[in-house]
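# Structure at a glance
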Amino acid sequence: MPKEKKPAKKRFELGENETIDACLNRIKAEGYLPVRKVEEPIFRETTENGTKKVEPIGRKVVFDTKLLKTEH
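Residues numbered from 1 in each chain as written. Predicted model: local features only at pLDDT ≥ 70, side-chain atom pairs only at ≥ 80, totals over all residues. Heavy atoms only, no water.

What follows concerns the sheet that holds strand β3 (residues 51-67). Across the sheet, which stays open at both edges, the three strands sit in the order β1-β3-β2 with antiparallel pairing between neighbours. Taken across any chain shown, the strands that pair with only one partner, and hence form the sheet edges, are β1 (9-13) and β2 (32-48). The average angle at which neighbouring strand axes cross in this sheet is 30 degrees, direction not considered. Both β2 and β3 contribute to a ladder of 16 bridges, which runs antiparallel. Directly across from Arg 36, in β3, lies its bridge partner Asp 64. Strands β1, β2 and β3 of the sheet are contacted by helix α1 (residues 20-29), whose axis makes an angle of about 130 degrees with β2. (Pairing = 2+ DSSP bridges. Helix = DSSP H or I, 4+ residues; strand = E, 2+ residues; numbered from the N terminus. Axes fitted to C-alpha atoms, helices over the stretch in contact; angles between N-to-C directions. Contact = heavy atoms within 4.5 Å.)

This part is about the pairing of β3. In this structure, β1 lies alongside β3, joined through five bridges in antiparallel fashion. Across the sheet, residue Lys 10 finds its bridge partner in β3, namely Thr 65.

One finds Phe 12, Leu 14, Cys 23, Ile 27, Tyr 32, Val 61, Phe 63 and Leu 67 forming the largest nonpolar core, which totals eight residues. Counting only elements with at least two residues in this core, the list comes to α1 and β3. Leaving out residues up to four positions away in the same chain, Phe 63 has contacts with Lys 10, Arg 11, Phe 12, Ile 20, Cys 23, Leu 24, Ile 27, Pro 34, Arg 36 and Lys 37. (Core = buried A, V, L, I, M, F, W, Y, C linked by side-chain atoms within 4.5 Å. Buried < 20%, exposed > 50% of the residue type's maximum accessible area, 1.4 Å probe, protein only.)

Inspection of the secondary structure puts Asp 64 in strand β3. Overall, Asp 64 belongs to the buried group, its relative accessible area being 14%. Side chain to side chain, Asp 64 and Arg 36 meet in a polar contact 2.8 Å long. Discounting chain neighbours no more than four positions away, the residues touching Asp 64 are Lys 10, Arg 11, Leu 33, Pro 34, Val 35, Arg 36 and Val 38. (Polar contact = N/O pair within 3.5 Å; in protein donor to acceptor, adjacent residues only side chain to side chain.)

Printed below as a string of structure tokens:
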């Protein structure tokens, strides 16, 4: 049976109650190497007295990864 080919690049999102170390271990277990960490803000839009107000309520951490050479 042919081995399933993994994509060369993959994005991993940090889980809600997951530590960065746990996420990095998950990335390594799948055969990827992190190359970039991106923190994206999460905003909430509210209307106050007829005025739209945008406020940050959190952040999302995403790792861009590439496939390890041994996995090709």
